[in-house]
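Here's the letter readout for the chains.
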Amino acid sequence: MSNKNPTSDEYGTPIALVKRAAALLGRTDFDLDVCATTANTRAGFFFTKQVNGLQQNWCSLWTARRSSSVVSSRGKCTQPLCWMNPPYSNSAAWCKKAVETACAAGRVLGLLKVDPGLSWWGDYVHNVARKVWWLPRIWFVGATCTANFSSCLVYWENANVIAATQYWGLYNLTPEERGFPERKRKQHNRLLTNFDWV
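All values derive from a computational prediction rather than experimental measurement.

This paragraph deals with unusual backbone geometry. Even without being a glycine, Asn52 presents a positive backbone phi close to 60 degrees. With respect to the secondary-structure elements, Asn52 resides in the loop between strand 2 (43–46) and helix 2 (58–65).

Here is the structure:
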């Protein structure tokens, strides 16, 4: 990704994209952001680099910190819904943790770089995740331009039950959901208006 600091893995997700992602699962927000900073978190509870989400139990910590308002009508705790935009230099470890969490009754929605040729994709995404939504290129918070790769949303739930992964396209994201700055949104909308659609 061509950014201000190419050695950094710390880029936030556009807020509009996080809201759209939560809506895909019938939610308005996430319970826990498993790899965040105080500046870019997308949930009320979050793990920073210092806390190291890879060393935490995402289900039990969320359950211990949850409010009574997330208890279902039957008195049982609802499954936590975790948001994960991991450092792409270590996607394998974060995806493995997502699968472990899904096996322990958690649910994880992750924003990942599309990398089906790498071994971690076969180990932790294909036929392990429930659903994958392909996305267009994203303009991450803190970056100077769109990423030079495609992204996808990956959803893990009940990962101990083997099933075929469902692949979907989610290409109709608005410029805001893709993270475009205001000036770029206007240019994008002008292009769409002036384009002669066939």
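Having put the structure on the table, let's press on.
What follows is about the pattern of salt bridges. One pass over the full model with this rule turns up four salt bridges. Between Lys49 and Glu10 there is a salt bridge, and its shortest N-O distance comes to 2.9 Å. Of the two residues, Lys49 sits in the loop between strand 2 and helix 2 while Glu10 sits in the segment before helix 1 (15–24), which places them 39 residues apart along the sequence. Residue class for Lys49 comes out exposed when judged on its relative accessible area of 62%.

The subject of this paragraph is the confidence of the model for the chain. In this model, the chain carries a mean pLDDT of 81, and residues with pLDDT of at least 70 account for 77%. Scored below 50 in pLDDT, residues 1–6 makes 16 contacts in the model with residues more than four places away or belonging to other chains.

Tracing the sequence through the fold places Phe30 in strand 1 (residues 30–33). On the basis of relative accessible area, Phe30 is assigned to the buried category, the value being 3%. Contact partners of Phe30, with chain neighbours within four places excluded, come to Val18, Ala21, Ala22, Arg42, Ala43, Gly44, Leu81, Cys82, Trp83 and Leu109.

A full pass over the atoms with the stated rule returns nine aromatic pairs. Seen in terms of ring centroids, Phe30 and Trp83 are 5.1 Å apart; in terms of plane orientation they differ by 50 degrees. Their pairing is tilted. Taken together, the residues Phe30 in strand 1 and Trp83 in strand 3 (residues 81–84) connect sequence positions 53 residues apart. Residue Trp83 is classed as buried on the basis of its relative accessible area, which comes to 1%. Seen in terms of ring centroids, Phe140 and Phe149 are 6.4 Å apart; in terms of plane orientation they differ by 40 degrees. Their pairing is tilted. Comparing Phe140 with Phe149, the two get one shared label, buried.

This part takes up the pairing of strand 4 (residues 107–113). Looking down a regular strand, the side chains alternate between one sheet face and the other. Burial analysis of strand 4 places six of its seven residues in the buried class, which makes it a mostly covered element. As defined by bridge partners, strand 3 adjoins strand 4 across four bridges and the pair is classed as parallel. Along strand 4, the bridge assignment pairs Cys82 with Val108. The handedness of the strand 3 to strand 4 crossover, carried by helix 3 (residues 91–103), is right-handed. Note that strand 4 and strand 6 (residues 151–157) share seven bridges and pair antiparallel.

Judged by nonpolar contacts, the single largest core of 25 residues is most densely connected at Phe30, Trp83, Leu109, Phe140 and Leu153. Looking at this core element by element, the count peaks at four residues for helix 1. Residue contacts for Trp83: discarding those within four places in its chain leaves Thr13, Val18, Ala21, Phe30, Leu32, Asp33, Val34, Arg42, Leu109, Leu111 and Leu153. Membership of the second largest hydrophobic core comes to 24 residues, among which are Phe47, Met84, Trp121 and Cys152.

Within the element layout of this structure, Lys97 appears in helix 3. When neighbours within four sequence positions are excluded, Lys97 is seen to be in contact with Gly53, Leu54, Gln56, Asn57 and Trp58.

Inspection of the secondary structure assignment puts Glu157 in strand 6. Once the C-alpha coordinates of Glu157 and Arg107 are considered, the two residues, 50 residues apart in sequence, prove to be 4.9 Å apart. One polar contact links Glu157 to Tyr155, side chain to side chain, over a distance of 3.4 Å.

Here we take up helix 1. Regarding helix 1, the residues found buried are Ala16, Leu17, Val18, Ala21 and Ala22. Against strand 1, strand 3, strand 4 and strand 6 lie the buried residues of helix 1. Following helix 1 by one or two positions, Gly26 has its phi on the positive side, about 75 degrees.

Thresholds applied
- Residues numbered from 1 in each chain as written.
- Predicted model: local features only at pLDDT ≥ 70, side-chain atom pairs only at ≥ 80, totals over all residues.
- Heavy atoms only, no water.
- Helix = DSSP H or I, 4+ residues; strand = E, 2+ residues; numbered from the N terminus.
- Salt bridge = Lys/Arg side-chain N within 4 Å of Asp/Glu carboxyl O.
- Buried < 20%, exposed > 50% of the residue type's maximum accessible area, 1.4 Å probe, protein only.
- pLDDT = per-residue confidence, 0-100.
- Contact = heavy atoms within 4.5 Å.
- Phe/Tyr/Trp six-rings, centres within 6.5 Å; stacked < 30°, edge-to-face > 60°.
- Pairing = 2+ DSSP bridges.
- Right-handed = clockwise from strand over helix to strand, strands pointing away.
- Core = buried A, V, L, I, M, F, W, Y, C linked by side-chain atoms within 4.5 Å.
- Polar contact = N/O pair within 3.5 Å; in protein donor to acceptor, adjacent residues only side chain to side chain.

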